[in-house]
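Here is how the chains run, residue by residue.
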Amino acid sequence: MTSFTIRTAARCEMIDITGRIAEEVRKSGIKDGICHLFIPHTTAAITINENADPDVPRDILTALDRLIPLSDHYRHAEGNAAAHIKASLFGTSQTVFIEDGRLVLGTWQSLFFCEFDGPRTRKALVRLTEDS
Ligand code: ZN
């Protein structure tokens with residue numbers, strides 16, 4: 001397993017980490033296999049969506065804020081209940097196939113690290129499994 005650090009700059013932010021994951025795949029030398037990604041946080045997540053148009057992640061974050069307002073009489077005393085809810089909706093893991101040493105993603109797909117309670121220093125875990 002490998003990991004890398006992600007420094008976020010805003011309370012809510014979607015950061016394209018496809019290049020960093022592709023680099024891990026390249027370094028591993030694995031041609032065919034599976035890439036498992038895990039985010040070890042309770043107020044951050046990972047998702048796959050479009051990065052060709054930067055308005056797509058912006059719209060996702062705006063819609064999320066509408067669905068899950070920052071304050072809404074939550075009981076969680078830490079004050080970041082909205083971030084916990086958003087993280088659970090998106091989830092903490094993704095799996096992507098590796099073929100010919102490359103991540104198998106659709107034309108418009110990118111892997112996004114989702115910060116919901118930043119800015120913070122975060123971590124992403126990567127486990128690459130080679131086909132036997
Ligand atoms: Zn909390």
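Being a predicted model, the structure only gives us computed values, none of them experimental.

Q: Where do I start with the nonpolar core in this structure?
A: Generally speaking, soluble globular proteins have nonpolar side chains that are buried together. If you look at the biggest cluster of nonpolar residues, it comprises 20 residues, and the most contacted ones within it are Ile17, Ile21, Leu103 and Leu111. The set of elements that each furnish at least two residues to this core consists of strand 1 (2–7), helix 1 (18–28), strand 3 (33–38), strand 4 (44–50), strand 5 (93–99), strand 7 (109–115) and strand 8 (121–130). At 3 residues, strand 4 tops the list of elements feeding residues into this core. Here Leu111 is in contact with Ile15, Asp16, Ile17, Thr18, Ile21, Leu37, Ile46, Thr47, Ile48, Gln94, Val96 and Leu103, once residues within four sequence places are set aside. Counting residues in each nonpolar core, the second largest holds 11 residues, with Ala82, Ala83, Ala87 and Phe112 among its members.

Q: Explain the coordination of the zinc ion to me, please; I cannot follow it from the model alone.
A: Protein-derived coordination of the zinc ion comes from His76 (NE2), Glu78 (OE), Asn80 (OD1) and His84 (NE2), at a distance range of 1.9 to 2.2 Å. With 4 donor atoms in place around the zinc ion and angles of 90 to 150 degrees between them, the coordination shape is irregular. Sequence spacing among the residues donating to the zinc ion works out to H-x1-E-x1-N-x3-H. The exposure class of Glu78 is exposed, given its relative accessible area of 55%.

Q: Explanation requested: the sheet that holds strand 2 (residues 13–16) in the structure shown.
A: The strands making up a sheet associate through backbone hydrogen bonding, with each pair oriented either parallel or antiparallel. Here we have 3 strands laid out as an open sheet, ordered 2-7-4, and antiparallel in their pairing. Edge positions in the sheet fall to strand 2 and strand 4, since each of these pairs with one other strand and no more. The sheet shows a mean angle of 35 degrees between the axes of neighbouring strands, taken without regard to direction. Alignment of strand 4 against strand 7, held across 7 bridges, turns out to be antiparallel. In the strand pairing of strand 7, Asn49 is matched with Ser110.

Q: Even after reading the chapter, I still don't get the sheet that holds strand 8, so can you show me in this structure?
A: A sheet is described by the order of its strands in space; here 5 strands give the open sequence 1-8-3-5-6, paired in antiparallel fashion. Since the sheet does not close on itself, it has two edges, and those belong to strand 1 and strand 6 (102–103), each with one partner. The pairing of strand 5 with strand 6 spans 2 bridges and is antiparallel. Bridge pairing in strand 6 links Glu99 to Arg102. Along the sheet, helix 1 contacts strand 1, strand 3, strand 5, strand 6 and strand 8; its crossing angle with strand 1, the most-contacted strand, is approximately 160 degrees.

Q: When you look at the packing of aromatic side chains in this model, what are you seeing that I'm missing?
A: Working definition: an aromatic ring pair is given by the centre-to-centre distance plus the angle between the planes. Taken as a whole and assessed by the stated rule, the structure comprises 1 aromatic pair. On the numbers, 5.5 Å between centres and 85 degrees between planes, the contact of Phe90 with Phe116 is edge-to-face. Of this pair, Phe90 sits in helix 3 (residues 81–90) while Phe116 sits in the loop between strand 7 and strand 8; the two residues are 26 residues apart in sequence, bridging distant segments of the chain.

Q: What's the story with the packing of helix 2 (residues 55–67) against helix 3 in this structure? I'm lost.
A: A packed helix pair is summarised by two numbers, namely the angle formed by the two axes and the spacing between the axes. Closest axis-to-axis distance for the helix 2/helix 3 pair is 11 Å, and the angle between their directions is 125 degrees. With respect to helix 3, the axis of helix 2 lies oblique. Two packed elements cross with a definite hand, and for helix 2 against helix 3 that hand is right-handed. In this structure, helix 2 uses Ile60, Leu64 and Asp65 to contact helix 3, whose residues at the interface are Lys86, Leu89 and Phe90. Along the lines of polarity and charge, the residues of the contact of helix 2 with helix 3 split into 4 nonpolar, no polar and 2 charged.

Cut-offs and rules
By convention here, each chain's residues receive numbers from 1 onward along its written sequence. Reporting in this predicted model follows two pLDDT cut-offs: at least 70 for local features of residues, and 80 or more for side-chain atom pairs to be given and counted; totals over whole chains, interfaces and linings ignore these cut-offs and use all residues. Remark: hydrogens and water are excluded; side-chain values derive from all non-hydrogen atoms of the structure. Among buried residues, those of type Ala, Val, Leu, Ile, Met, Phe, Trp, Tyr and Cys that are joined through side-chain atoms within 4.5 Å constitute a nonpolar core. The buried label applies to any residue whose accessible area, calculated with a 1.4 Å probe on protein chains only, is under 20% of its type's maximum; exposed applies above 50%, and partly exposed to all values in between. Helix and strand definitions here come from DSSP, where helices need a minimum of 4 consecutive H or I residues and strands a minimum of 2 consecutive E residues; each element is numbered from the N-terminal end. In this analysis, two residues are considered to be in contact whenever any of their non-hydrogen atoms come within 4.5 Å of each other. Atoms are scored as donors when they are N, O or S and lie within 2.8 Å of the metal, with 3.2 Å used for Na, K and Ca; no water is included, so coordination may look incomplete. Sites are called tetrahedral only when four donors show all angles between 85 and 135 degrees, square planar or octahedral only when four or six donors show opposite pairs over 155 degrees and all other angles between 65 and 115, and irregular in any remaining case. Two strands make a pair as long as DSSP finds a minimum of two bridges between them. Axis definition: a line fit to C-alpha positions, over the contact stretch in the case of helices; interaxial angles, taken between N-to-C directions, run 0 to 180 degrees. Ring pairs are drawn from Phe, Tyr and Trp, using the six-membered ring of Trp, whenever the two centres fall within 6.5 Å, and their geometry is named by plane angle: stacked under 30 degrees, edge-to-face over 60, tilted for the rest. Roughly parallel covers angles under 35 degrees, roughly antiparallel covers those over 145, roughly perpendicular covers 65 to 115, and oblique covers all other angles. Each crossing gets its hand from how the near helix is turned against the far one by less than a right angle, where anticlockwise is left-handed and clockwise is right-handed. Note on residue categories: nonpolar means Ala, Val, Leu, Ile, Met, Phe, Trp, Tyr, Cys or Pro, charged means Asp, Glu, Lys or Arg, and polar means any other residue, Gly included.

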